[in-house]
Amino acid sequence: MINKTTTTQCYIDFCQNMQIPLIVCRHDFSVAYYNLYIPNIFDDSLQRELNLNATHIELLTKGETFYSMIANKTYDFKLRWDLLSSDQEYYCFSIRIVTKYLKNTHMKLTSLFETLPISTFMKTAQGVYVYSNTYHNRLAGFDSLIGRSHYDAFGDEDGNKIAQNDLKLLQNKSSLFVYEHVHNALVLTMKFYTTIDGQDYIYGAALNMSKAHEALLTSEVAQADAPDIDINLTESEIRCVNFMVKGHTASTIANQLNISHKTVEFHLDNAKRKLNCYKTSKLAFMIGKYHAHFMK
């Protein structure tokens, strides 16, 4: 039994009535008392000495917040500790559960995020990667990008354009949303600026729009009752279609590509049949809507 002062007893009664976990410990941080809500966090094996020290007490007495991670047999907890009272014998703490996860949930969530088709990365102001997830590595064609530059990852031409966008971000010191071409794919990149220990860094995420548009287009054409649908146009078909959506006629396309008028019409007709778009206006709409899939 502890020698309960009036103040300590008041907090014990209050926390009991409000169903708030409460622990009373001595100045050597050995546990003197805890209410019936504490075993829900610490199981039946509550340590007889809390993992606290004088530094934590100093922070708490200044009104600052102290957090700790606790694991029992079933859950992982993040706890917030508040110092309710202190006297010559005891410290009285209330505990709030900030987060509560089944054990190993963090590892499972990390594994799930690693499988998402979204690139995440962090690099220095000079463009050298200090972090990249599996998908970003795969986009670049490397097992790991750490220590490599964006020139190593995406070549001189694409790397130079990426570097120009990075420079804009570093000058503005904010955020940048931009389309970038990497290895014949159109990527929507979200870049952010930060500093760590006085050094400038760029971090962000990128979505492969070519893959996204391919999936969306496949889903849309699958609903059409047309046996010849094929979303994969040939290089010649794509060239003709790209000129067509810019307003060129079959004759001007023929002159531009140095092919016959009939050959242009053959390629355009094939594209219309494959995408189930027998009107030029609808074909232009589909190409524009899913442009990232057709950009090579």
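Residues numbered from 1 in each chain as written. Predicted model: local features only at pLDDT ≥ 70, side-chain atom pairs only at ≥ 80, totals over all residues. Heavy atoms only, no water.

(A) Focus on helix α11 (residues 280-289). Here α11 has its buried residues at L283, M286 and I287. All buried residues of α11 fall inside an arc of 100° around its axis, so they share one side. For α11, the exposed residues set more than 90 degrees away from the buried face come down to S281 and F285. (Buried < 20%, exposed > 50% of the residue type's maximum accessible area, 1.4 Å probe, protein only. Helix = DSSP H or I, 4+ residues; strand = E, 2+ residues; numbered from the N terminus. Arc of directions from axis to C-beta.)

(B) Structural context of the sheet that holds strand β2 (residues 31-34). In spatial order, the strands read β2-β1-β5-β4-β3; together these five strands make up an open sheet with antiparallel pairing. Lying at the two open borders of the sheet, with one neighbouring strand each, are β2 and β3 (66-71). Across the sheet, the axes of successive neighbouring strands diverge by a mean angle of 30°, strand direction being ignored. For strand β4 (residues 75-86) and strand β5 (residues 90-102), the ladder comprises 11 bridges, and the chain directions are antiparallel. Paired with S85 across the two strands is C92, which belongs to β5. Sitting on the sheet, helix α3 (residues 54-61) is in contact with β3, β4 and β5, with an inclination near 65° to β4. (Pairing = 2+ DSSP bridges. Axes fitted to C-alpha atoms, helices over the stretch in contact; angles between N-to-C directions. Contact = heavy atoms within 4.5 Å.)

(C) Examining the packing of aromatic side chains more closely. Evaluation of the coordinates by the stated rule reveals six aromatic pairs. With a centroid separation of 5.9 Å and 20° between ring planes, the pair formed by F29 and Y91 is classed as stacked. In this pair, F29 sits in the loop between β1 (22-26) and β2 while Y91 sits in strand β5, placing the two residues 62 residues apart along the sequence. By relative accessible area, which is 11% here, F29 ends up buried. The ring of Y67 has K78 sitting right over it, with the charged end atom 5.0 Å from the ring centre. If you follow K246 out to its NZ or CZ, it ends over the ring of F243, 6.0 Å from the centre. (Phe/Tyr/Trp six-rings, centres within 6.5 Å; stacked < 30°, edge-to-face > 60°. Lys NZ or Arg CZ within 6 Å of the ring centre and 35° of its normal.)

(D) Here's a closer look at the sheet that holds strand β9 (residues 185-196). Strands sit in the order β7-β6-β10-β9-β8 across an open sheet of five strands; the sheet is antiparallel. Of all the strands in the sheet, the pair left with one neighbour each is β7 (129-132) and β8 (175-182). Strand-to-strand, the axes of this sheet are offset by a mean angle of 25°, without reference to chain direction. Pairing of strand β6 (residues 118-124) with strand β10 (residues 199-208), which is carried by seven bridges, proceeds in the antiparallel orientation. Along β10, the bridge assignment pairs T120 with A205. Seen against the sheet, helix α6 (residues 150-172) touches β6, β7, β8, β9 and β10 and runs at an angle of roughly 160° to β8.

(E) Spotlight on the environment of C92. Here C92 shows up in strand β5. Along the primary structure C92 and I12 are separated by 80 residues, whereas in three dimensions their C-alpha atoms are 8.6 Å apart. Apart from residues no more than four positions distant in its own chain, C92 is found in contact with Y11, L22, I23, V24, D82, L83, L84 and S85.

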